[in-house]
Amino acid sequence: DSTIGILGGGQLGRMISIAGRNMGYRFITLDPNPDSPCGQAADQQIISSYSDLKAAKELADSSDVITYEFENVDSNVTSLLEKTSFVPQGSELLQITQNRIHEKSTLHSYNVPVAPFLVIESENDIHKAVDCFGFPYIMKTATGGYDGKGQWIISSMDDIPNAIETWKNAGKDMIIEKFIPFSKELSVIVARNLQGQTKTFPIAENIHINNILHQSIVPARITAEQQEKAEKISLKVAESLQVIGLIAIEMFLTNDGEIIVNELAPRPHNSGHYSMDACITSQFEQHIRAICGLPLGETSLLSPIIMVNILGQHLSEVLNKISRLPPTAKLHLYGKKESVENRKMGHINFLGSTIEQVDQQIKELQIWT
Ligand code: ATP
Ligand code: MG
Ligand code: MG
């Protein structure tokens, strides 16, 4: 009966714990929120900040394996824990993926295609980007961004004074990226275990609304050739980084059929939640297998599926229409008490015989309109 310690208390940790408890593991979690989604599902919780070294040591003392479910846990704490405890994912992967500059430079050094970018070192670089990339371009904070927070689209000369102000006031490193006109956004989750075995999950086609993931459609509506290219790049990323556990790779499929990597997440990913109901092995089980040295499980797709996120503004409508959900729909809720706009409260996996049929079912519910 091994115990797995989880740094972070969100829904990803919750779903790792639920999968792992079915496999006989015990869980202990560290999060400042006493009512966190993961804390509710774990056997034991430590309530403190991620940078509280004493609390992290307490977690380590009770755990056989330590994992993180969130890339903004304190990488200094993780690197200290790593010296005395078993942290198979390691702190280096965390450091790389916490910072877009580090992440993009590392990918570039492995010859993985990324959007052309420049690091802003002076006001002048914001002007220089016009010559380098043309309009529009995107300015992003190097750290701490999610759901499109900490990014600005610069569309014309008129936006430049504001962009300069924003950069000056941010007090954070920032990068500028060329805007990539894409036909689709895709993601691939790769697992790599302690023995170095790798396995990819089926590619998801992701639809965002206001920069927040709305739907993941699987199988993605792309050609076999595009699929092969995306998988090949993803495996290269996982191998080059010597990942242990999961890595999610967000990509753009450009208008000319090229794959460009947007960003990485060293953990289970929202776009992989479909695997809970459409694969023999879910991403959460696979993560546990990978970090515990078990062989990886089968990941082939059992059924077409669309995962739809339930945000705070959708929850009451979902609950009102709960009796109208098709019998092949699987509802997952994260146990969050406060339903706040744009907060991820849960998701529904809609399974069916074709994507068109599933899409029709979702439209008829009129929840996400
Ligand atoms: P997440 O919640 O996935 O962590 P994030 O805040 O880290 O998001 P990104 O994934 O970098 O941000 O960007 C959010 C969205 O903005 C992307 O999914 C994509 O739709 C768009 N986007 C980001 N960078 C570019 C780019 N260089 N060209 C075109 N669109 C982009
Ligand atoms: Mg991100
Ligand atoms: Mg993203």
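Above this text you will find the structure in question.
Residues numbered from 1 in each chain as written. Chains lettered and ligands numbered in written order. Predicted model: local features only at pLDDT ≥ 70, side-chain atom pairs only at ≥ 80, totals over all residues. Heavy atoms only, no water.

**Re the coordination of the magnesium ion (ligand 2)**
Thought 1: In the first shell of the magnesium ion (ligand 2), the protein supplies Glu263 (OE) and Glu263 (OE), at 2.3 Å from the metal.
Thought 2: Separating the magnesium ion (ligand 2) from the magnesium ion (ligand 3) is a gap of 3.9 Å, which Glu263 spans by donating to each of them. (Donors = N, O, S within 2.8 Å, 3.2 Å for Na, K, Ca; no water.)

**What to know about the nonpolar core**
Thought 1: Judged by nonpolar contacts, the single largest core of 40 residues is most densely connected at Ile247 and Val261.
Thought 2: Two domains share this core, each providing at least three of its residues, namely domain 1 (3–87) and domain 3 (182–365).
Thought 3: Excluding anything up to four places from it in sequence, Ile247 contacts Leu93, Val188, Ile189, Val190, Ala238, Leu241, Leu264, Ala265 and Pro266. (Core = buried A, V, L, I, M, F, W, Y, C linked by side-chain atoms within 4.5 Å. Buried < 20%, exposed > 50% of the residue type's maximum accessible area, 1.4 Å probe, protein only. Domains from an automatic or database assignment. Contact = heavy atoms within 4.5 Å.)

**Points about the coordination of the magnesium ion (ligand 3)**
Thought 1: Protein ligation of the magnesium ion (ligand 3) involves Glu250 (OE) and Glu263 (OE), the donor distances falling in the range 2.0 to 2.1 Å.
Thought 2: On the basis of relative accessible area, Glu250 is assigned to the buried category, the value being 16%.
Thought 3: For Glu263, a relative accessible area of 23% puts it in the partly exposed group.

**Description of the site of ligand 1**
Thought 1: Taken together, the neighbourhood of ligand 1 is formed by 21 residues, with Lys140, Asp147, Gly148, Ile180 and Glu185 sitting nearest.
Thought 2: Here an oxygen atom of ligand 1 sits 3.5 Å away from a polar atom, N or O, in the main chain of Tyr146.
Thought 3: Looking at the shell around ligand 1 residue by residue, the class counts come to six nonpolar, six polar and nine charged.
Thought 4: Per-domain counts for the shell around ligand 1 show at least three residues from each of domain 2 (116–178) and domain 3 (182–365). (Near = heavy atom within 4 Å. Polar contact = N/O pair within 3.5 Å; in protein donor to acceptor, adjacent residues only side chain to side chain. Nonpolar A, V, L, I, M, F, W, Y, C, P; charged D, E, K, R; others polar.)

**What to know about the sheet that holds strand β3 (residues 44–47)**
Thought 1: Strands sit in the order β3-β2-β1-β4 across an open sheet of four strands; the sheet is parallel. Of all strands in the sheet, those bounded by a partner on one side alone are β3 and β4 (65–68). Put simply, the sheet's adjacent strands are angled 20° from each other on average, direction ignored.
Thought 2: Relative to strand β2 (residues 26–31), strand β1 (residues 3–7) runs parallel, the two sharing five bridges. Residue Gly5 lies in a different strand from β2, and its bridge partner there is Ile28.
Thought 3: Packing against the sheet, helix α1 (residues 11–22) makes contact with β1 and β2, and its axis sits at approximately 170° to β2. (Pairing = 2+ DSSP bridges. Helix = DSSP H or I, 4+ residues; strand = E, 2+ residues; numbered from the N terminus. Axes fitted to C-alpha atoms, helices over the stretch in contact; angles between N-to-C directions.)

**Quick look at helix α13 (residues 355–365)**
Thought 1: Taken together, the buried positions of α13 are occupied by Ile355, Val358, Gln361, Ile362 and Leu365. Seen from one end, α13 has its buried residues packed into an arc of 125°, which puts them on one side. Facing away from the buried side of α13 by more than 90 degrees, the exposed set consists of Glu356, Lys363 and Glu364.
Thought 2: Two residues or fewer after α13 comes Gln366, characterised by a positive phi angle close to 50°. (Arc of directions from axis to C-beta.)

**What to know about the sheet that holds strand β5 (residues 117–119)**
Picture the strands of a sheet paired through backbone hydrogen bonds; they go either parallel or antiparallel.
Thought 1: In spatial order, the strands read β5-β8-β6-β7; together these four strands make up an open sheet with antiparallel pairing. Two strands close off the open sheet at either side, each with one partner strand: β5 and β7 (151–154). For this sheet, the mean angle separating the axes of adjacent strands, direction not counted, is 20°.
Thought 2: Alignment of strand β6 (residues 137–141) against strand β8 (residues 174–178), held across five bridges, turns out to be antiparallel. Along β8, the bridge assignment pairs Ile138 with Glu177.
Thought 3: Contacts from helix α6 (residues 100–109) reach β5, β6, β7 and β8 within the one sheet, and its direction differs from that of β8 by about 45°.
Thought 4: Sitting on the sheet, helix α7 (residues 123–133) is in contact with β5, β6 and β8, with an inclination near 165° to β5.

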